[in-house]
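Fold and geometry: a report
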Amino acid sequence: MRKLLPGHGASRGSALGRARVRLPHALDVAEQRIRAREVDEELARLHGAIDAARAEMRELRTRLHGALAREVGEFLDLHALLLDDPELLQGLDDLIRKGRYGADYALRLQRDRLAAVFRDMDDAYLKSRMDDLDHVIGRIHAHLHSRAIDPEGLAGEILVSDTVAPSELAQLQAQGVVAVVTSTGSPLSHSAILARSLHMPLVVGCSAALAKINDGDALIVDGETGEVVVEPSAADLREFRQRLKDLKREQRELGRLRSKPTRTRDGLDIALHANAESREDVAQAHALGAAGIGLYRTEFLFLQRAELPSEEEQFHTYRDVVLGMSGRPVTIRTLDLGADKADRTGLALRGEANPALGLRGVRLSRAHGEVFDTQLRAILRASGYGPVRVLVPMVAIREELLDVRKRLKRLARQLVKEGHEIAAQVQIGAMIEVPSAAICVEHFIDLVDFLSIGTNDLVQYLLAADRNNDALGELYSPLRPALLHLLDGVLRAGRRHCKQVAVCGEIAGDPAMAPILLALGLEHFSLHPSHMLELRRTIRGHDRGALLKAAPALLKARDRSGIERWLAKAGANNET
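Definitions and limits used
Residues numbered from 1 in each chain as written. Predicted model: local features only at pLDDT ≥ 70, side-chain atom pairs only at ≥ 80, totals over all residues. Heavy atoms only, no water. Axes fitted to C-alpha atoms, helices over the stretch in contact; angles between N-to-C directions. Helix = DSSP H or I, 4+ residues; strand = E, 2+ residues; numbered from the N terminus. Parallel < 35°, antiparallel > 145°, perpendicular 65-115°, else oblique. Contact = heavy atoms within 4.5 Å. Nonpolar A, V, L, I, M, F, W, Y, C, P; charged D, E, K, R; others polar. Buried < 20%, exposed > 50% of the residue type's maximum accessible area, 1.4 Å probe, protein only. Polar contact = N/O pair within 3.5 Å; in protein donor to acceptor, adjacent residues only side chain to side chain. pLDDT = per-residue confidence, 0-100. Salt bridge = Lys/Arg side-chain N within 4 Å of Asp/Glu carboxyl O. Phe/Tyr/Trp six-rings, centres within 6.5 Å; stacked < 30°, edge-to-face > 60°. Lys NZ or Arg CZ within 6 Å of the ring centre and 35° of its normal. Pairing = 2+ DSSP bridges. Right-handed = clockwise from strand over helix to strand, strands pointing away. Left-handed = near helix turned anticlockwise from the far one by under 90°.

1. Some words on the packing of helix α9 (residues 234–255) against helix α20 (residues 532–540)
Close contact between α9 and α20 brings their axes to 9 Å; oriented N to C, the two are set at 80°. Relative to α20, α9 is oriented roughly perpendicular. Between α9 and α20, the residues in contact are Glu250, Glu253, Leu254 and Gly255 and Leu533, Glu534 and Arg537, respectively. Residue composition of the contact of α9 with α20, by class: 2 nonpolar, 1 polar and 4 charged.

2. As for the side chain of Arg360
Mapped onto the secondary structure, Arg360 falls in the loop between β11 (330–333) and α13 (362–367). Look at Arg360 and you get buried, because its relative accessible area is 3%. Within the structure, the side chain of Arg360 is placed 3.0 Å from the side chain of Asp457, a separation counted as a polar contact. One polar contact links Arg360 to Tyr461, side chain to side chain, over a distance of 2.7 Å.

3. Overview of the confidence of the model for the chain
Per-residue pLDDT for the chain has a mean of 86; in total, 86% of the residues score no lower than 70. Note on residues 147–152: pLDDT under 50 across the span, and 6 contacts to partners over four residues away in sequence or across chains.

4. Remarks on the pattern of salt bridges
Tallied over the full model, the rule gives 36 salt bridges. A salt bridge links Asp222 to Arg243; the nearest nitrogen and oxygen atoms lie 3.6 Å apart. Of this pair, Asp222 sits in strand β7 (residues 218–222) while Arg243 sits in helix α9, and the two are 21 residues apart along the sequence. Note on Arg243: relative accessible area 22%, which makes it partly exposed. As a salt-bridge pair, Glu442 and Arg496 come within 2.5 Å of each other at their nearest N and O atoms.

5. Thoughts on the packing of aromatic side chains
One pass over the full model with this rule turns up 3 aromatic pairs. Taking the centre distance of 6.2 Å and the plane angle of 85° together, the rings of Tyr296 and Phe300 count as edge-to-face. Comparing Tyr296 with Phe300 shows no difference in burial state: the two are buried. Each ring, one from Phe315 and one from Tyr385, has its centre 6.0 Å from the other, and the planes form 50°; the classification is tilted. With a gap of 70 residues between them, Phe315 in helix α12 (residues 311–324) and Tyr385 in the loop between α14 (369–382) and β12 (388–392) connect regions that are remote in the sequence. Over the aromatic face of Tyr385 sits the side chain of Arg319, whose NZ or CZ is 5.8 Å from the ring centroid.

6. Digging into helix α17 (residues 455–463)
Within α17, 7 of the 9 residues are buried, which leaves it mostly tucked inside the rest of the structure. Those residues of α17 that fall on the buried side of the exposure criterion are Thr455, Asp457, Leu458, Val459, Gln460, Tyr461 and Leu463. Where α17 is buried, its residues meet β13 (427–432), α16 (435–439), β14 (450–453), α18 (481–496) and β15 (500–503). Backbone geometry just after α17 places Ala464 at a positive phi near 50°.

7. Focus on the pairing of strand β5 (residues 179–182)
Where burial is concerned, the two faces of β5 agree: the one with Ala179 and Val181 and the one with Val180 and Thr182 are both buried. Of the strand pairs in this sheet, strand β4 (residues 157–161) and β5 are connected by 4 bridges, and their pairing is parallel. Among the inter-strand pairings, Val160 is bridged to a residue of β5, identified as Val181. On the question of chirality, the crossover connecting β4 to the parallel β5 by way of helix α6 (residues 166–174) is right-handed. Judged from the 2 bridges that link them, β5 and strand β6 (residues 202–204) form a sheet pairing that is parallel. The partner of Val180 across the bridge, within β6, is Leu202. The parallel pair β5 and β6, bridged by helix α7 (residues 190–198), forms a crossover whose chirality is right-handed.

8. Digging into the packing of α6 against α7
Interhelical geometry of α6 versus α7 gives an angle of 30° and a closest axis separation of 8 Å. Classified by the angle between their axes, α6 and α7 sit roughly parallel to one another. Considering only the axes of α6 and α7, their crossing is right-handed. On the side of α6, the interface is formed by Pro166, Leu169, Ala170 and Gln173, while α7 contributes His190, Ser191, Leu194, Ala195 and Leu198. Split by residue class, the contact of α6 with α7 holds 6 nonpolar, 3 polar and no charged.

The following block contains the structure:
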């Protein structure tokens, strides 16, 4: 029987397939005791399952390449760290050796113990880490019973689950899964961001999915509208086929925009910069006519290794990016480890009570002065090959920028004495992702040459809402008056002081947000290259002058629905 289930579109695209329902993971196992002579055998069984889970993640990593390997890598690294966590492993061993519990029940007890600790801390960030622990426990439990899914069995299927981990998505796609539907989640979660990079349709927050969808049901998933059709009718199938035709036509039309300017209807040129972290990203940005690299992430050099990258290795990496952009400016963000980025080098602290508010970004770099100096030297040396800008993440106070400026001057003098060719001037910028920086931008704008607004963290800190906490999915949204007023204030400050301001968070690549950003006066967008053509098309359809005139009405909106009404009106004007 046909059913239409509403959800939230998180990754565009349409898919038709058979449902594969995965019920929420729960270790619902009965208490099981073992005899003393069975302890060693049970320990061996458990350790074999843990080793199999480790091998599974290593195998997944070897199958991933390029930027995707780095995007998924941080989650695989975190899960690998959990599998090696002494508290988890020692607790399991003690439960089997001293408590004489079976491996299954020991796994459940240890999971519940850690969950209770996390709940008592009442911290949204640690709640998201609990999800990672559940995925790791689930892998171990599956291997205890050899329940790994046959990869061939998923081809052409749509996974229906309560949640999906970022580390799973690439594996699911490789196994032939064509779309994912979850009963919880946020369109701005890490999983959603990765799904968009993979071009895998994803619907989140479809609360009725697990109750209304059965294993084997035929499904049509629309990752844009968030609608899921169960057992589609003939009319639904016709509409689906038409949608696929429209999508192919749209892709052809977008392809024609590769060489077109990003210019509004009333003749204003808008600069589209690219977010990048690999050679593939840089090549794609160059081919699509990006104005430059607006955000080059350097974390991947640190995340997947046990030793720190040398100055020479970093220099060659940064130089290649500069050469790849053929004279267009490259903005290199200094190391932004910490919070949800687990590294093997030992730089980021483990076990912080609240990592999202801890030692991360420029705070972590300043705490490891020699490491920071090495990175800045490599960036300065790359500036001899083309225009380079330094972007400092997680700026909260003026003193942080003063320290970075002093370091750059000192290191520049060193490099010149050593005979290196560096640019006469390397611009420095601040990431605006902490509310204090946005509110008091006038207090340090004299120390920077440009600003870049990181809206992902800014929304999180402004609303005190972790984007990976499913319970806060509705709260975590850029469509909030508080965020718009902060953006407006930073953009106005930039204009007053003749400092370039860009937005580099997820909303910069979302065509639906373009009218808002244009209305607030944004002229520099920084986004993943894969979204560039679609955003270019959207901007070319808008009249910037009309949007600027409508900005006061936007800033008077008192809630999300008011902003959505403004957007609907802007969209209607775009179509006329």
